[in-house]
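# Breakdown of the fold
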Amino acid sequence: MGKQWVRQQIKKNKVQETVGRVIDWVTVNRRQAGIIAGSAIGALILAVIFLYGRHARNDAAWDALSLANGYAYANQEDTALKKIDELNAEYPAAPASGYGLLFAGDLLSHRARYPESAKYFTQLLDRGQPKSLLPFALNGLVLESESAGQCPEAAKTAERFLQSYPDHFLAPQVHSSLARCQEAMGQTDTAKTTLQKIMLQYPDSSWASWAQERLKSAGSAGA
């Protein structure tokens, strides 16, 4: 409580200091700048308060995400998810909210609660922000759909990922999931093409070795 009060006082003092500087500047320069003092000062003060308020909201959003993480690591997943939902409702535009959605999706996916995890990944994709998290949300949807035995949905999302982010470091993982789903759906030739693509695009990697072994197994089964 003491630290929080100190932080609030520091922010409050910064706002007061900045507003004071704005008023001093307008007072000294209003003739040269042609500023009408009353309305200009009011507008500038509102702008300063808005900027500091936005920073304060972002800080509060990160604090809420940190709290949700703490509950998750204490094995209080439902409480953690409740905090994520509250964060998402109260600070929908804050970057921390997007990270919270991704965190919730991953947490539920690891607990095999696939329909719930898909809800969070989809929310993040629908929001479209932060953009850097969108590949992770798509990859999460691919993996949870495959794990849930929903290979048509997984393949469709995998293709969407590969069209949008072909050079992303998660692309080989998505390729592998796509190949497995194609095999599961009986699309043998298409799966072989995907495995060959992995070998060509990621040579001398563990993904290429995995694809080669998969092709060998498929050939042995066919023989």
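Structure: above.
What counts, and at which threshold
Residues numbered from 1 in each chain as written. Predicted model: local features only at pLDDT ≥ 70, side-chain atom pairs only at ≥ 80, totals over all residues. Heavy atoms only, no water. Helix = DSSP H or I, 4+ residues; strand = E, 2+ residues; numbered from the N terminus. Buried < 20%, exposed > 50% of the residue type's maximum accessible area, 1.4 Å probe, protein only. Contact = heavy atoms within 4.5 Å. Areas by Shrake-Rupley, 256 points an atom, 1.4 Å probe, with all protein chains shown as cover. Core = buried A, V, L, I, M, F, W, Y, C linked by side-chain atoms within 4.5 Å. Axes fitted to C-alpha atoms, helices over the stretch in contact; angles between N-to-C directions. Parallel < 35°, antiparallel > 145°, perpendicular 65-115°, else oblique. Left-handed = near helix turned anticlockwise from the far one by under 90°. Nonpolar A, V, L, I, M, F, W, Y, C, P; charged D, E, K, R; others polar. Salt bridge = Lys/Arg side-chain N within 4 Å of Asp/Glu carboxyl O. Expected span 1.5 Å × (residues − 1). Disulfide = S-S within 2.5 Å.

### Some thoughts on the overall build of the protein chain
- The number of helices and strands found in the protein chain is ten helices and zero strands.
- In the protein chain, buried positions account for 35% of the 223 residues.
- Counting only contacts in the protein chain whose residues sit at least 6 apart along the sequence, the fraction spanning at least 24 positions is 47%.
- When the accessible surface of the protein chain is summed, it comes to about 13,300 Å², and 55% of that surface belongs to carbon and sulfur atoms.

### What to know about the nonpolar core
- In terms of nonpolar packing, the biggest core is built from 42 residues, with Ile84, Tyr120, Leu124 and Phe161 touching the most fellow members.
- Considering every element that reaches this core, the biggest residue donor is helix α4 (residues 95-110), with seven residues.
- Contacts of tyrosine 120, omitting those with residues within four sequence positions, involve Leu81, Ile84, Asp85, Leu101, Ala104, Gly105 and Leu108.

### Points about the packing of helix α6 (residues 134-147) against helix α8 (residues 171-184)
- Taken N-terminus to C-terminus, the directions of α6 and α8 make an angle of 30°; their axes are 10 Å apart at the nearest point. For the element pair α6 / α8, the angle class is roughly parallel. For the element pair α6 and α8, the recorded crossing hand is left-handed. Contact with α6, carried on its side by Asn139, Val142, Leu143 and Glu146, involves Gln173, Val174, Ser177, Arg180 and Cys181 of α8 and no other residues of that element.
- Split into classes, the residues belonging to the contact of α6 with α8 amount to four nonpolar, three polar and two charged.

### Description of the pattern of salt bridges
- The final tally for this structure, using the stated rule, is seven salt bridges.
- Salt-bridge contacts for glutamate 116 lead to arginine 113; the nearest nitrogen and oxygen are separated by 2.9 Å.
- Of the charged contacts, one joins glutamate 146 and arginine 180 as a salt bridge, the two residues approaching to 2.6 Å between their closest N and O atoms. A residue pair is termed long-range when its members are at least 10 positions apart, and glutamate 146 in helix α6 and arginine 180 in helix α8 qualify at 34 residues.

### Overview of α6
- Taking 1.5 Å per residue as the helical rise, α6 with its 14 residues ought to reach 20 Å, and the 20 Å between its terminal C-alpha atoms agrees with that figure.
- Taking burial as the measure, the 14 residues of α6 include eleven buried ones, the bulk of the element.
- Buried within α6 are the following residues: Leu134, Pro135, Ala137, Leu138, Asn139, Gly140, Leu141, Val142, Glu144, Ser145 and Glu146.
- Against α4, α5 (114-127), α7 (151-164) and α8 lie the buried residues of α6.

### Remarks on the packing of α8 against helix α9 (residues 188-201)
- Closest axis-to-axis distance for the α8/α9 pair is 8 Å, and the angle between their directions is 160°. With respect to their mutual orientation, α8 and α9 come out roughly antiparallel. Viewed along their axes, α8 and α9 form a crossing whose handedness is left-handed. On α9, the residues touching His175, Ser176, Leu178, Ala179, Gln182 and Glu183 of α8 are Thr190, Ala191, Thr194, Leu195, Lys197, Ile198 and Gln201.
- Considered class by class, the residues forming the contact of α8 with α9 number five nonpolar, six polar and two charged.

### Considerations on the state of the cysteines
- Tallied over the entire structure, the rule returns zero disulfides.
- Cysteine 151 forms no disulfide, and the closest cysteine sulfur to it belongs to cysteine 181, at a distance of 3.0 Å.
- For cysteine 181, a relative accessible area of 0% corresponds to the buried category.

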